[in-house]
Amino acid sequence: MNVHEVVDGFARVVSSAGIPVVPLDNVPRIEQFESRLPARLPASFRSLVTRYSFPAFAVNSLSLFANNDVEVEQELSHAVFQDKVIADVTLRAGYIQFARPADGRYDPVCFDTNERSKNREFPIVTLDHEAILINSRIVVREVIGKSFFKFVQTIIALEKDQQGIIISVIK
């Protein structure tokens, strides 16, 4: 399966849980967003955000920012830069925030672009927001996964095996 097919499968799983994931060409908006980042988005995440529109939602341990140009406070291209201190420190250090923990913590969930890999599929890490805000320092609190592509594949496999996936809209 190629990246788009896997991402389409993820979109189907999320849609089947009641999250409105709508096909939409977001390429110009995402290219403008990417121009402000230290690296291009991972291929799998880029496939999702350039081809689909969706509200902020939680899927298992991650709370993804919205990609609908409507929920301004939670919209990806706004939320990443909303906290100026976190944005300055993380982006300068090569981390691109795209989510927060689903449990409501303020810690940024980021792609670690410092780890080179195939297809720009960077590891997903949770950073300690207090270390950033107080000391302007990056402290990795947790490595969530090898890549967004692997995360998406895991969600699809869990759904296929009818195992517990927790998906909900963030309000």
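This report concerns the structure included in the present document. What you see is a predicted model, and the numbers here were worked out from it, not measured in a lab.

A word on the nonpolar core
- F10, F45, F57, L76, F98 and F148 are the most contacted members of the largest nonpolar core, which has 41 residues in total.
- Leave out the neighbours within four places in its chain, and F57 touches F10, V14, I19, L62, S63, L64, I167, S168, V169 and I170.
- Counting 7 residues, the second-largest nonpolar core is a separate cluster that includes C110, V125, L127 and I132.

A closer look at the packing of helix α1 (residues 3-16) against helix α7 (residues 148-160)
- One way to put it is that α1 packs onto α7 with a least axis distance of 9 Å and a crossing angle of 50°. As summarised for this structure, α1 and α7 are arranged oblique, according to the angle between their axes. Here α1 runs over α7; the crossing is left-handed. Across from V3, V6, G9, F10 and V13 in α1, the residues of α7 making contact are F148, F149, V152, Q153, I155, I156 and E159.
- Within the contact of α1 with α7, the residues separate by chemical class into 9 nonpolar, 2 polar and 1 charged.

What about the sheet that holds strand β6 (residues 109-112)?
- Across the sheet, 7 strands lie side by side as β8-β7-β6-β5-β4-β3-β9; this open sheet has antiparallel pairing. Of all strands in the sheet, those bounded by a partner on one side alone are β8 (140-145) and β9 (167-169). Strand-to-strand twist across the sheet, computed as the mean angle between neighbouring axes with direction ignored, equals 35°.
- In this sheet, strand β4 (residues 62-64) lies alongside strand β3 (residues 57-59) in antiparallel orientation, the contact comprising 3 bridges. Paired with A58 across the bridge in β4 is S63.

Reading guide: rules and limits
Residues numbered from 1 in each chain as written. Predicted model: local features only at pLDDT ≥ 70, side-chain atom pairs only at ≥ 80, totals over all residues. Heavy atoms only, no water. Core = buried A, V, L, I, M, F, W, Y, C linked by side-chain atoms within 4.5 Å. Buried < 20%, exposed > 50% of the residue type's maximum accessible area, 1.4 Å probe, protein only. Contact = heavy atoms within 4.5 Å. Axes fitted to C-alpha atoms, helices over the stretch in contact; angles between N-to-C directions. Helix = DSSP H or I, 4+ residues; strand = E, 2+ residues; numbered from the N terminus. Parallel < 35°, antiparallel > 145°, perpendicular 65-115°, else oblique. Left-handed = near helix turned anticlockwise from the far one by under 90°. Nonpolar A, V, L, I, M, F, W, Y, C, P; charged D, E, K, R; others polar. Pairing = 2+ DSSP bridges.

The values reported here are purely geometric and, on their own, carry no functional implication.
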